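Fold and contact review
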Amino acid sequence: MTTALTTSPDAPGAGHPVGDFAVRLSHVHKTFGRPGTAAPVLDDISLDVAPGEFVTLLGASGCGKSTLLNLVAGLDRPTSGTIEVPGGRPALMFQDHALFPWLTAGKNIELALRLAGVAKADRQTEAERLLELVRLTGSYKKRVHELSGGMRQRVALARSLAQGSQVLLMDEPFAALDAITRDVLHDEITRIWAERQLTVLFVTHNVREAVCLAQRVVLLSSRPGRIAREWHVDLPRPRRIESAGAANLSIEITEELRGEIRRHVQH
Ligand SMILES: Nc1ncnc2c1ncn2[C@@H]1O[C@H](COP(=O)(O)OP(=O)(O)OP(=O)(O)O)[C@@H](O)[C@H]1O
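The rules we used
- For every chain, the first residue of the written sequence is number 1, and numbering continues from 1 along that sequence.
- Restriction of local features to residues with pLDDT of at least 70 applies here, the model being predicted, together with a cutoff of 80 or more for giving and counting side-chain atom pairs; totals for whole chains, interfaces and linings are based on all residues.
- Three exposure classes are used. Buried residues have 20 or more other C-beta atoms within 10 Å of their own C-beta, exposed residues have 12 or fewer, and partly exposed residues fall in between, all C-beta atoms being placed from the backbone.
- Runs of E in the DSSP output that reach at least two residues are strands. Runs of H or I that reach at least four are helices, and both are numbered from the N terminus.
- Summarising the geometry, the arc corresponds to the directions from the helix axis toward the C-beta atoms.
- A score between 0 and 100, pLDDT records how confident the predictor is in each residue.
- Whether two strands pair comes down to DSSP finding at least two bridges between them.
- Think of each axis as a best-fit line through the C-alpha atoms, taken over the contacting stretch in the case of a helix, with angles from 0 to 180 degrees between the N-to-C directions.
- Throughout, a residue-residue contact means that the two C-beta atoms, derived from backbone geometry, are no farther apart than 7 Å.

Under an unreviewed UniProt entry, the chain has the name Sulfate ABC transporter ATP-binding protein and belongs to Kitasatospora griseola.

Structural data, given as structure tokens:
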């Protein structure tokens, strides 16, 4: 499925060979409310994410990161511009795990499998396989209140993967976790990304997290949100922020982010 949100007659995606992107935003603008009554939140965003690429989207609070992710997820429509996701509706994961507390971990995952059209007879085996993938083997019957914050996010990740999409959108999924748990989950998500050859678009305002995860870091400016700068991250994995390469790049990106925040405050 292509999420057809074309408002422009000469779709900018035309002419590209099929399969060279998993997500394409072309000249995307977003204004909430009636045009002319409010400043745009996103202004002329064009971004390709290649199949299998891990991109982190970084920016100051309120710059439009979640808005952009919601547009890619198909939860909202751009005011103008196009968004293409040739592989179909992406899976989405938020900071809030949003698990149903009255269901077990396994049943939460099975619900997503049911919505994805997996046959009833196969759901429990598949849910257990996904729990194994996120290193929660044996937790099928655990209820949400029995799980730690990190374990809940693992179940939420398994539930996102149950949707069967190759494109995973993540909106600050680890922001509420302590630093050590977050580091462990960074290793897990990069392992699963590589194993499953997922395309990941990951929103964060944490520079260190952006550098640890990404092949490419995209910095958004504020009011309106535009692509300010991109960095390709070639550091070896597994990455440690204490390594000289990661630390230096984080310092450089933080400086740029500070500049964006200062520019925004002056306006
Ligand atoms: N449904 C909406 N209606 C009106 N304004 C909205 C709506 N959703 C977002 N906004 C506004 O759009 C701007 C961008 O919000 P968004 O949540 O995308 O930013 P963000 O970069 O994800 O912020 P944070 O890092 O704090 O989560 C904000 O000014 C917000 O108030």
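The next subject is helix α1 (residues 65–73). Listed in full, the buried residues belonging to α1 are K65, L68, L69, L71 and V72. End-on, the buried residues of α1 take up no more than an arc of 155°, which puts them together on one face. Just beyond α1, the residue with positive phi is G74, at close to 80°.

When the pLDDT values of the chain are averaged, the result is 89; 91% of them are 70 or greater. In the model output, the complex is listed with pTM 0.89 alongside ipTM 0.96.

For the rest of this paragraph, the subject is the sheet that holds strand β9 (residues 227–232). Taking strand neighbours across the sheet as the criterion, the 6 strands line up as β5-β6-β7-β3-β8-β9 in an open arrangement whose pairing is mixed. With partners counted over all chains shown, the strands left at the sheet margins are β5 (91–94) and β9, one partner each. The sheet shows a mean angle of 15° between the axes of neighbouring strands, direction not considered. When strand β8 (residues 216–220) meets β9, the two strands line up antiparallel, connected through 5 bridges. Across the sheet, residue R216 finds its bridge partner in β9, namely H232. Across the face of the sheet, helix α4 (residues 149–162) comes into contact with β5 and β6 (167–171) while running at roughly 165° to β5.

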